[in-house]
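What follows is each chain in one-letter form.
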Amino acid sequence: MSFYGVTDIWTYVIGALGIILLPGPNSLFVLSVATARGVKAGYQGALGVFVGDTILLICTALGAAGLLRSNPALFMVVKYAGAAYLTWVGLHLVWSAIQKWRSTEAPVAAVAETPAHLAHPFKRALVISLLNPKAILFLLSFFVQFIDPTYETPAVPFLILSAIVMAFSALYLSALIFAGARLAQAFSQRKRLSASLSSSVGALFMWFGAKLATASLN
């Protein structure tokens, strides 16, 4: 029994919600941008995430899962490129934290400059989204399990499942953006606290990179 080509839709809803709520590079980057640059920049980052996720969804609909499974060399290129980029972002965050820590005696205006890794939130978020290990593994393993292969119009279940996960993502990222804007007020006069958070997020990005480098489609 399926709902417009979606099998066991409530299991998918619960699973998708749980996966969205798990910390990942997308959500941490949007939170970092909102904390450093405010709500507008946070939504620019969120838009990059939505566009990246849409591209991944379209690729999944076109058979990306089967292509990567049948071509291990291509999967290796994708995962190592993603791992390298996430690690690079993490190193930038850690370096930014070190600079903040060293400038604890500097005037507030000097610290307010936007770090290089947050200067173009849409572009950065788009690349991070496309290389997000959580999103890739979700779409290539979990997502496709809920599509009835015998349904006469395959696009319908893809659209339903995509709408559900994108709605959850929009709500979650919006909550993070406004939380980040409030954190910015708390961190504006607490440079060491801000540096500690930045270094922690950077370490998480490097962990995401290591996780993607060891990921498997099996």
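Since the structure is predicted, the reported quantities are computational estimates derived from the model, not experimental observations. Every chain is numbered on its own, with residues counted from 1 as its sequence reads. Side-chain atom pairs in this predicted model are given and counted only at pLDDT of 80 or more, local residue features only at pLDDT of at least 70, and totals for whole chains, interfaces and linings cover all residues. Here the side-chain values reflect all heavy atoms present in the structure, with hydrogen atoms and water set aside.

1. Quick notes on the overall build of the protein chain
Thinking step 1. Helix and strand assignments follow DSSP, with helices taken as H or I runs no shorter than four residues and strands as E runs no shorter than two, numbered in order from the N terminus. Helix and strand counts for the protein chain stand at 10 helices and 2 strands.
Thinking step 2. Residues classed as buried in the protein chain amount to 45% of the 218 residues present.
Thinking step 3. Accessible surface, the protein chain: about 11300 Å² in total, of which carbon and sulfur atoms supply 70%. When a residue's accessible area, from a 1.4 Å probe over protein chains only, is under 20% of the maximum for its type it is buried; when over 50% it is exposed; and in between it is partly exposed. Accessible surface is estimated by sampling points in the Shrake-Rupley manner with a 1.4 Å probe; for residues, cover comes only from the protein chains shown.

2. Quick word on helix H2 (residues 25-37)
Thinking step 1. With 13 residues, H2 should reach 18 Å at 1.5 Å per residue; the first-to-last C-alpha distance of 18 Å fits that figure.
Thinking step 2. Buried residues dominate H2, accounting for 11 of its 13 residues.
Thinking step 3. Among the residues of H2, Pro 25, Asn 26, Ser 27, Leu 28, Phe 29, Val 30, Leu 31, Ser 32, Val 33, Ala 34 and Thr 35 are the ones counted as buried.
Thinking step 4. Among the residues trailing H2, Gly 38 stands out with phi positive, at a value near 100 degrees. Given a helix with a known number of residues, its expected span is that number minus one, times 1.5 Å.

3. Remarks on the nonpolar core
Thinking step 1. In this structure, Ile 9, Tyr 12, Ile 128, Phe 143, Leu 161, Ile 164 and Leu 173 are the most contacted members of the largest nonpolar core, which totals 33 residues.
Thinking step 2. Examining the composition of this core, we find that 10 residues originate from one element, helix H9 (residues 155-187), more than from any other.
Thinking step 3. Contacts are assigned to residue pairs that have any heavy atoms within 4.5 Å of one another. Once you skip the residues sitting within four places of it in the chain, Ile 164 turns out to touch Ile 9, Tyr 12 and Val 13. For this analysis, a nonpolar core means a set of buried residues of the types Ala, Val, Leu, Ile, Met, Phe, Trp, Tyr and Cys, connected via side-chain atoms within 4.5 Å.

4. Some thoughts on the UniProt feature "transmembrane region" (unreviewed entry) in the protein chain
Thinking step 1. Sites flagged by UniProt as "transmembrane region" (unreviewed entry) map to residues 12-34, 46-68, 74-95, 125-147, 159-181 and 193-210.
Thinking step 2. From the first C-alpha to the last, residues 12-34 spans 30 Å; its make-up is 87% helix and 0% strand.
Thinking step 3. Helix and strand shares over residues 159-181 are 100% and 0% respectively, and the end C-alpha atoms of the span are 32 Å apart. UniProt positions are given in the numbering used here, feature names are shortened, and annotations may be inferred rather than shown by experiment.

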